Amino acid sequence: MIKNIDVGKDFFVDLVNRDENQGDGQFTAKQFRKKYLSQMDNQEFWINPKNTIVLDFKNVEVLGPSFANEAFAYFTKYAKPEIIKKVIKIVNISKVKMSTIDVELNRSYDRK
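All figures in this text were calculated on a predicted structure; none of them were measured in a lab.

Criteria and cut-off values
Residues numbered from 1 in each chain as written. Predicted model: local features only at pLDDT ≥ 70, side-chain atom pairs only at ≥ 80, totals over all residues. Heavy atoms only, no water. Helix = DSSP H or I, 4+ residues; strand = E, 2+ residues; numbered from the N terminus. Buried < 20%, exposed > 50% of the residue type's maximum accessible area, 1.4 Å probe, protein only. Polar contact = N/O pair within 3.5 Å; in protein donor to acceptor, adjacent residues only side chain to side chain. Contact = heavy atoms within 4.5 Å.

(A) Main features of unusual backbone geometry. One non-glycine residue, Phe27, lies in positive phi territory at about 50 degrees. For Phe27, the position within the fold is in the loop between strand S2 (14-15) and helix H2 (29-36). Positive phi, normally seen in glycine, also occurs at Asn92, with a value near 50 degrees. Note on placement: Asn92 falls in the loop between strand S5 (88-91) and helix H6 (95-110).

(B) Broad picture of the side chain of Asn69. Summarising the element assignment, Asn69 is placed in helix H4 (residues 65-71). With relative accessibility at 15%, the residue Asn69 sits in the buried group. One polar contact links Asn69 to Arg18, side chain to side chain, over a distance of 3.1 Å. A polar contact of 3.0 Å, which involves the side chain of Asn69, links it to the side chain of Glu104. Every residue in contact with Asn69, bar those within four places of it in the chain, is listed here: Arg18, Tyr74, Glu104 and Ser108.

Next comes the structure, spelled out in structure tokens:
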């Protein structure tokens, strides 16, 4: 099953808060992960992932590293960054925003 989400329209345009303790505590990475990626939050899913989610960033204006870390690098406890990027496909994203995600994915995975 493939799910498509327009992140900027369906969630928020500024992706900067890790959790309720950062910034204004709204539209957090934890909320995002629970709302859209919760089915991926277990080891069994990552053994043989069958579902793909496509996140469209065309309406996202800002992506902060702490958001990227909590929303995406969180899954490095289950899978390598390249596998995560195959399952969570991100489209219409700038090179800078994608670089932010890549840095957080690789940094988190390397620390394990």
